[in-house]
Amino acid sequence: MSRFYLYGVTRPREVPKRLETKGISLIAAGDRAAVVSDLDEGPVEATRRNLLAHADVVEQLHEDAVVLPARFGHVLESREELLELLGLPEIGRLLERHAATCELTLKGKYEESVLAEVGAELQPLRAAYRAGPSVEAGIALGEAVGQGLAARRARDESLVLDALRGLVLDVVVGEPAGELAAFDLAVLVERGGVESVEAEVEELAARLSPPLHFKLVGPLPPYSFVRLSAPAVV
Amino acid sequence: MNRESSAGYITRAPRSSGLADVLEILLDRGLVIDAFVRVSLVGIELLTIDLRVVIASVDTYLRFAEAVNRLDLQQTSDAKGLPDLFEKGGEEMAEKETKGAMEGGMDAIKEKMGLGGRGGDEEDDDKERSGRGSRSRGNNR
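Residues numbered from 1 in each chain as written. Chains lettered and ligands numbered in written order. Predicted model: local features only at pLDDT ≥ 70, side-chain atom pairs only at ≥ 80, totals over all residues.

1. A look at the overall build of chain B
Thought 1: Within chain B, the regular secondary structure consists of 7 helices and 3 strands.
Thought 2: Tracing chain B from N to C terminus, the helices and strands come up as α-β-α-β-β-α-α-α-α-α.
Thought 3: Relative to all contacts within chain B whose residues are 6 or more apart in sequence, the contacts with residues 24 or more apart total 69%. (Helix = DSSP H or I, 4+ residues; strand = E, 2+ residues; numbered from the N terminus. Contact = placed C-beta atoms within 7 Å.)

2. A short note on the pairing of strand S1 (residues 3-10) of chain A
Residues and elements named next belong to chain A.
Thought 1: Of all 8 residues that make up S1, 7 are buried, and the element is covered over most of its length.
Thought 2: Inspection of the sheet shows S1 paired to strand S3 (residues 32-39) by 7 bridges, in the antiparallel sense. When the bridges of S3 are listed, Val9 appears paired with Ala34.
Thought 3: Sheet topology places S1 next to strand S6 (residues 74-76); 2 bridges connect them, and they run antiparallel. By the bridge assignment for S6, Phe4 is matched with Leu76.
Thought 4: Sheet analysis places S1 next to strand S5 (residues 67-69), joined by 3 bridges and oriented antiparallel. Counterpart to Val9 in the pairing with S5 is Leu68. (Buried ≥ 20, exposed ≤ 12 C-beta atoms within 10 Å, placed from the backbone. Pairing = 2+ DSSP bridges.)

3. A closer look at the packing of helix H7 (residues 135-165) of chain A against helix H8 (residues 194-208) of chain A
All names here are of chain A.
Thought 1: In contact at an axis separation of 10 Å, H7 and H8 are set at 145° when each is read in the N-to-C sense. Crossing hand, H7 versus H8: right-handed. Listed contacts from H8 to Asp156, Val160, Ala163 and Leu164 of H7 are Val197, Glu200, Leu204 and Leu208.
Thought 2: Looking at side-chain class alone, the contact of H7 with H8 contains 6 nonpolar, no polar and 2 charged residues. (Axes fitted to C-alpha atoms, helices over the stretch in contact; angles between N-to-C directions. Left-handed = near helix turned anticlockwise from the far one by under 90°. Nonpolar A, V, L, I, M, F, W, Y, C, P; charged D, E, K, R; others polar.)

4. A look at the pairing of strand S10 (residues 212-220) of chain A
Thought 1: Here S10(A) lies mainly inside the structure; 8 of its 9 residues are buried.
Thought 2: Of the strand pairs in this sheet, strand S7 (residues 101-110) of chain A and S10(A) are connected by 7 bridges, and their pairing is antiparallel. Among the inter-strand pairings, Lys109(A) is bridged to a residue of S10(A), identified as His213(A).
Thought 3: In this structure, S10(A) lies alongside strand S1 (residues 10-13) of chain B, joined through 4 bridges in parallel fashion. Each bridged residue has a counterpart across the sheet, and for Leu216(A) the counterpart in S1(B) is Arg12(B).

5. Some details on the sheet that holds strand S8 (residues 170-174) of chain A
Thought 1: Taken in spatial order, the 5 strands line up as S8(A)-S9(A)-S7(A)-S10(A)-S1(B) in an open sheet, and their pairing is mixed. Whereas interior strands pair on both sides, the edge strands pair on one side only; in this sheet they are S8 of chain A together with S1 of chain B. Between one strand axis and the next, the sheet turns through 15° on average, direction left out of account.
Thought 2: The sheet contacts of H8(A) involve S7, strand S9 (181-190) and S10 of chain A together with S1 of chain B, and relative to S10(A) the element is tilted by about 175°.

6. Observations concerning the domain arrangement of chain A
Thought 1: Structurally, chain A comprises domain 1 (3-97) and domain 2 (101-225).
Thought 2: Using C-alpha coordinates to define each centre, domain 1 of chain A is positioned 34 Å away from domain 2 of chain A. (Domains from an automatic or database assignment.)

7. Quick look at the packing of helix H2 (residues 48-62) of chain A against helix H2 (residues 19-28) of chain B
Thought 1: The contact between H2(A) and H2(B) brings their axes to 10 Å, and the two run at 75°. Relative to H2(B), H2(A) is oriented roughly perpendicular. Across the interface between the two elements, Arg48(A), Leu51(A), Leu52(A), His54(A) and Ala55(A) of H2(A) pack against Leu19(B), Val22(B), Leu23(B) and Leu26(B) of H2(B). (Parallel < 35°, antiparallel > 145°, perpendicular 65-115°, else oblique.)

8. Here's the deal with H2(B)
Residue and element names in this part refer to chain B.
Thought 1: In terms of burial, H2 is largely enclosed, as 10 of its 10 residues are buried.
Thought 2: For H2, the set of buried residues is Leu19, Ala20, Asp21, Val22, Leu23, Glu24, Ile25, Leu26, Leu27 and Asp28.
Thought 3: Immediately beyond the C-terminal end of H2, within one or two residues, lies Gly30, with a positive phi of roughly 85°.

9. Structural notes on the confidence of the model for chain A
Thought 1: Residues of chain A with pLDDT of at least 70 account for 97%, and the chain-wide mean is 92.
Thought 2: For the stretch residues 230-234 of chain A, pLDDT sits under 50, and the model shows 11 contacts to residues farther than four places along the chain or on other chains. (pLDDT = per-residue confidence, 0-100.)

10. Section: H8(A)
Residue and element names in this part refer to chain A.
Thought 1: Look at H8: 21 Å from first C-alpha to last across 15 residues, which is about the 21 Å you get at 1.5 Å a residue.
Thought 2: Those residues of H8 not exposed but buried are Val197, Val201, Leu204, Ala205 and Leu208. In a view along the axis of H8, the buried residues occupy a sector of 100°, so they form one face of it. Opposite its buried face, H8 presents the exposed residues Glu195, Ala199 and Glu203, each directed more than 90 degrees away. (Expected span 1.5 Å × (residues − 1). Arc of directions from axis to C-beta.)

11. Focus: unusual backbone geometry
Residue and element names in this part refer to chain A.
Thought 1: Here the bond from Ser209 into Pro210 is cis, since omega is -20°, no more than 30 degrees from zero.
Thought 2: The topology assignment puts Pro210 in the loop between H8 and S10.
Thought 3: Cis geometry marks the peptide bond from Pro210 to Pro211; its omega dihedral reads 10°.

In C-alpha cells, the structure reads:
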C-alpha cells in the first residue's frame, strides 16, 4: 500500500525536472492534481531540511501556476483518500479563487532607536532612573516604555493596513513576535499587483523609517488564504 | 528622507528563504483537510512551544529602561555634534539590526537551502527564542 506526503493541490501540469528528480509527482483527477511524494512508514520529521524542501516544492510550482499549499506534515494513507480529497468542492472553489493570486508577507520591526523616541515623552521616569537606577525605577520606566511601544505598534500597523487596503484582495493580520516587532501581515494580491505593493512599501519606508524596518517576501503561494474549516487567523 | 535612504530599510526576498520564514507559514497556515489528512509529525514540539511576545516581563522592562537611558546619554553626551552623532548612531544601529534580525544572511541561506547553512542557524535560533506570534494558537498538533 502506498502512502503519500501532500505538498499541495494544483492543476494538472508537468512537473519541472528539478522536482521530478527529487521524487515529486502529480496525481491528477479531472482538472485537479495533488502534488505528492511517496512516503515510507513512520511520521514525518519536522527537520529544517524537510520544512525547506516543502516550501521549495510549492513555491517553485507556484511560479507559473496556481498552487494551494498544504500545511506541513499532511499524509494520505492511500490513493483513494487522495482522490477523495481532490473531489472536495472546496478544493475547486479555492483553485478558482487563487487562479491568479499570490501572497506577500510584510513584517515590520523597529530598530532600538524607537525606544529613545518613545522614552522622550517620559522625562520624569527617565530622570528618576538615571538618578537612581534601582530595579523599581527600571520597572517603572520600562513598563511605561512598553506601553508607549504598544501604542506606537498599533499606530504603525493601522497606517500600513490603511496604505495597503486598496491594493490587496485580502489581509491576514498576525501577531508580531519579538520585543521590537511592529507588525506581521500577509496580503493576497493579483500576480500583477506585486509591484504596486512594493511601491507602497517604499512610500511607507520613506514615512516611517527609521526606526521601522520592513521585510517583504513573495510572491508566494497563498499560504495564509487557503483555510477550509478553521476560523480565520486572528 | 529620500527614496535612496528609505531603501536601506526594506528587505526584499522573492521567496521564503530561511527556516524562520518557513516555520510560520508551513506549521500554522496552509491547507488543512482534517477529515482526510493525518498530520503525522515528530520534532515539532520544540517549535510550537508558546513563546508569543509578551511585553510584560520584568526582564523586558529593565532592558527597555537600560536602552532608553543609554540612548539618552548618547544623545546628550556631546551637545556640539548632536545631530551628526545621533544620525550616525542611527545608521549604525540600522545596519546592525538589519543584518542581525531582518536579513539574516538571506542570500547566503538561500544558496544553502536545506544544507544547514551557518548564518541560517543563527537566525533560526533567534526566531525560535523570540517566539512566533500567530502560530501559537494550539492548533498545530
